[in-house]
Amino acid sequence: MYKHDFSLFLRPITNPEMVDLFDKLKMEAGPLAKYSHLPDDYFFFPKLEGDIGPHMKFNGKDVLNWSLNNYLGLANHPEVRKTDGEAAAQYGMGLPMGARMMSGNSVNHLELERQLAEFEKKEDVMLLNFGYQGVVSIIDALVDRKDVIVYDAESHACIIDGVRLHMGKRFVYTHNDMDSLEKQLQRATKLADETGGGILVITEGVFGMSGKQGDLKGVVALKSKYNFRLFVDDAHGFGTMGKTGAGTGEEQGVQDQVDLYFSTFAKSMASIGAFVAGSKNIIKYLRYSVRSQIYAKSLPMPLVVGALKRLELLKTNPSMKDNLWKIVNAMQNGLKERGFNIGTTTSPVTPVLFKGGVGEAANMAMDLRENYGIFCSVVIYPVVPKDVIMFRIIPTAVHTLEDVERTLSAFSKLKTKLDSGFYKEEALVSVTKAI
Ligand SMILES: Cc1ncc(COP(=O)(O)O)c(C=O)c1O
């Protein structure tokens, strides 16, 4: 059990006194503290076991799993598993050693960049070891104190962290609101005129929590009136959106207006790594300027060879994306027909929104996992407002229509119970007896 020592926080700030840093950081378990009798890896850091896919084990039991961004089902594709295994055996995980710029380059790294550039219809691509670090570092490399950043209010944490590094001005616009963006562009233009700097606009292709697409069309329309460069983080759109799967830029017909297109390999590609695509000049500049690449070891060869295989399958096997959308449509239409609120999604990300508090969210999630054998992520305050519970369903190409039916039926039962006040009960016995 955690022992809370609030005394440190209650001291008057008018009489500050040095504290031990770690004492100051002592953890407060928050509103979920009453569930601390449950194993530490139940709500946070849960362990899903078995081969990645719709059917895995959680807490020793089989679960139907809707929690992974394995959109195309590539994680456990036999050809992918074979290539990953053979590449690891052939090269080991160390090769190539050193940063790309020093000793960590290879023909495979260059070939993957060439193929990604071709697929994204951009002149060049630079590989990144991780998406998060890559985005932070790209933003850092692109702007100096004279420049202005204008970014969407619901941007991913990696964008926010990149913006935090910026020494100049930044303006945030209301999520996906083009009037608000235009107002901020006016302010940014005025400022950049004074400083002699430029403007960087940052948004996402698909917002990972709501599933809503960024209004890329709306953003690029403003290019005729304002001088800015556009950076799009399409972590959830790559492989899932657009005719060929090239992403949200392709989907909205504006890929040529996206100056820097970014995606991670952590979602549709079911691996690790990332890339940024753009014109030859800007990618060359980034190769010499992105600190998280210059001062870090290059992406291991098996990940590069594995990414080449995944990209080949993504390009030559459109049935994977077709299957994904068959499941997405069945799930989203089924939920809507049953009266569920799935927010504003226009992508595979499927939020299911309920009214209720954190305690009810925990009870519902446990009931879903323990008694219906369904696992999906539950999102609570502060990611969503205090009285909102969000279950986040990620359909994939390897789910079936039966999986969808089973889930719809379970959600209907959950809703009836929630409406009747069942999950309000403090005693969790009826829900947790199986644990
Ligand atoms: C929108 C977005 N950008 C960037 C990242 C970070 O990518 P990575 O996992 O490769 O660090 C994520 C999450 O993985 C994401 O959802």
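Just so you know, these numbers come straight off a predicted model, no measurement behind them.

> Explanation requested: the overall build of the protein chain in the structure shown.
A tally of helices and strands in the protein chain yields 16 helices and 14 strands. The globule rule puts the C-alpha radius of gyration for 435 residues at 22 Å, and the 23 Å found for the protein chain is close to it. Viewed in the frame of its principal axes, the protein chain has a C-alpha envelope of about 65 × 60 × 45 Å. Classification of the 435 residues of the protein chain by burial places 44% in the buried group. At a minimum sequence separation of 6, the contacts of the protein chain that also span at least 24 residues come to 71%.

> Help me understand the sheet that holds strand S11 (residues 350-355) in this model?
Adjacent strands of a sheet form backbone hydrogen bonds with each other and so pair up, either parallel or antiparallel. Judged by pairing direction, the sheet is antiparallel, and its three strands sit side by side in the order S11-S14-S13 without closing on themselves. At either end of the open sheet lies a strand with only one pairing partner, and these are S11 and strand S13 (377-379). On average, adjacent strands in this sheet sit at an angle of 25 degrees to one another, irrespective of strand direction. As paired strands, S13 and strand S14 (residues 388-393) are joined by three bridges and run antiparallel to one another. Note that in S14 the partner of Val 379 across the bridge is Met 390.

> Even after reading the chapter, I still don't get the domain arrangement of the protein chain, so can you show me in this structure?
In many analyses, interface size is given as the accessible surface area lost on bringing the parts together. Domain parsing of the protein chain yields domain 1 (30-65 + 319-432) and domain 2 (78-316). Here the C-alpha centre of domain 2 lies 30 Å away from the C-alpha centre of domain 1. Across the boundary between the two partners, domain 1 contributes 13 residues, which contact 12 residues of domain 2. A breakdown of the residues in the side of domain 1 that touches domain 2 according to their chemical character gives six nonpolar, six polar and one charged.

> Just to check I follow, could you spell out the packing of helix H3 (residues 78-91) against helix H12 (residues 301-316) for this structure?
The geometry of a pair of packed helices is captured by two quantities: the angle between their axes and the separation between those axes. Packing of H3 against H12 leaves a shortest axis separation of 8 Å and a crossing angle of 155 degrees. In terms of their interaxial angle, H3 and H12 are classed as roughly antiparallel. The two elements H3 and H12 meet at a crossing, and its hand is right-handed. Across the interface between the two elements, Glu 79, Val 80, Thr 83, Asp 84, Ala 87, Ala 88 and Tyr 91 from H3 touch Met 301, Pro 302, Val 305, Gly 306, Lys 309, Arg 310 and Leu 313 from H12. Of the residues belonging to the contact of H3 with H12, the class tally is eight nonpolar, two polar and four charged.

> What's the story with the site of the ligand in this structure? I'm lost.
What surrounds the ligand is a group of 13 residues, the closest being Gly 131, Tyr 132, Ala 235, Thr 264 and Ala 266. A per-element tally of the shell around the ligand places helix H5 (residues 131-142) first, with three residues.

> Is there a simple way to think about the sheet that holds strand S2 (residues 55-58) in this case?
A sheet is described by the order of its strands in space; here four strands give the open sequence S1-S2-S3-S12, paired in mixed fashion. Pairing within the sheet leaves two strands with one partner each, and these edge strands are strand S1 (48-49) and strand S12 (374-375). As paired elements, S2 and strand S3 (residues 61-65) share four bridges and run antiparallel to each other. Considered in S3, the bridge of Lys 57 is made with Asp 62.

> Where do I start with the environment of Ala 99 in this structure?
For Ala 99, the location among the structural elements is in the loop between H3 and helix H4 (107-120). Measuring from C-alpha to C-alpha, the distance between Ala 99 and Ser 298 comes to 4.9 Å, with 199 residues separating the pair along the chain. What Ala 99 contacts, discounting residues up to four positions off in sequence, is Gly 104, Gln 293, Ile 294, Tyr 295, Ala 296, Lys 297 and Ser 298.

> Got a minute to help me understand the nonpolar core in this structure?
The tendency in soluble globular proteins is for nonpolar side chains to be buried side by side. One finds Val 150, Leu 200, Phe 275 and Val 276 to be the most contacted residues of the largest nonpolar core, which totals 107 residues. Each of domain 1 (30-65 + 319-432) and domain 2 (78-316) gives at least three residues to this core. Once residues within four sequence positions are removed from consideration, Val 276 is found in contact with Val 125, Met 126, Leu 128, Gly 134, Ile 138, Leu 260, Phe 262 and Leu 286.

> Which parts of the structure should I look at to understand H5?
Along its 12 residues, H5 runs 16 Å from first to last C-alpha, staying within 8% of the 16 Å computed at 1.5 Å per residue. Counting buried positions along H5 yields 11 of 12 residues, so the element is predominantly enclosed. Taken together, the buried positions of H5 are Gly 131, Tyr 132, Gly 134, Val 135, Val 136, Ser 137, Ile 138, Ile 139, Asp 140, Ala 141 and Leu 142.

> For this particular structure, what's the right way to read unusual backbone geometry?
For residues other than glycine, phi is negative in most cases, and the peptide bonds are mostly trans. Residue Leu 95 is joined to Pro 96 through a cis peptide bond whose omega torsion reads -10 degrees. You can see Pro 96 is positioned in the loop between H3 and H4. The phi dihedral of Asn 59 falls on the positive side, at around 55 degrees, and the residue is not glycine. Following the sequence through the fold, Asn 59 ends up in the loop between S2 and S3. On the basis of neighbour count, Asn 59 is assigned to the partly exposed category, with 18 C-beta atoms found within 10 Å. Phi angles above zero are rare outside glycine, and Ala 270 is one such case at about 50 degrees. Within the fold, Ala 270 resides in the loop between strand S9 (260-264) and strand S10 (274-278). Overall, Ala 270 belongs to the buried group, with 24 C-beta atoms counted inside 10 Å.

> Can you help me understand the environment of Asn 329 in this one?
Positionally, Asn 329 belongs in helix H13 (residues 318-337). A residue is classified by how many C-beta atoms lie within 10 Å of it, and Asn 329, with 13 of them, is partly exposed. Counting along the chain gives 18 residues from Asn 329 to Ser 347, while the straight-line C-alpha distance between them is 9.7 Å.

> Would you mind showing me how to read the pairing of S9 here?
Walk down a regular strand and you will see the side chains alternate between the two sheet faces. Of all five residues making up S9, five are buried, and the element is well covered by its neighbours. Along S9, one buried face is formed by Leu 260, Phe 262 and Thr 264 and the opposite face, lined by Tyr 261 and Ser 263, is buried too. Where S9 meets S10, four bridges bridge the pair, whose relative direction is antiparallel. Bridge pairing links Thr 264 to Ala 274 in S10.

Reading the values: the criteria
- Residues numbered from 1 in each chain as written.
- Predicted model: local features only at pLDDT ≥ 70, side-chain atom pairs only at ≥ 80, totals over all residues.
- Helix = DSSP H or I, 4+ residues; strand = E, 2+ residues; numbered from the N terminus.
- Rg over C-alpha atoms; globule rule 2.2 N^0.38 Å.
- Buried ≥ 20, exposed ≤ 12 C-beta atoms within 10 Å, placed from the backbone.
- Contact = placed C-beta atoms within 7 Å.
- Pairing = 2+ DSSP bridges.
- Axes fitted to C-alpha atoms, helices over the stretch in contact; angles between N-to-C directions.
- Domains from an automatic or database assignment.
- Nonpolar A, V, L, I, M, F, W, Y, C, P; charged D, E, K, R; others polar.
- Parallel < 35°, antiparallel > 145°, perpendicular 65-115°, else oblique.
- Left-handed = near helix turned anticlockwise from the far one by under 90°.
- Near = placed C-beta within 6 Å.
- Core = buried A, V, L, I, M, F, W, Y, C linked by C-beta atoms within 7 Å.
- Expected span 1.5 Å × (residues − 1).

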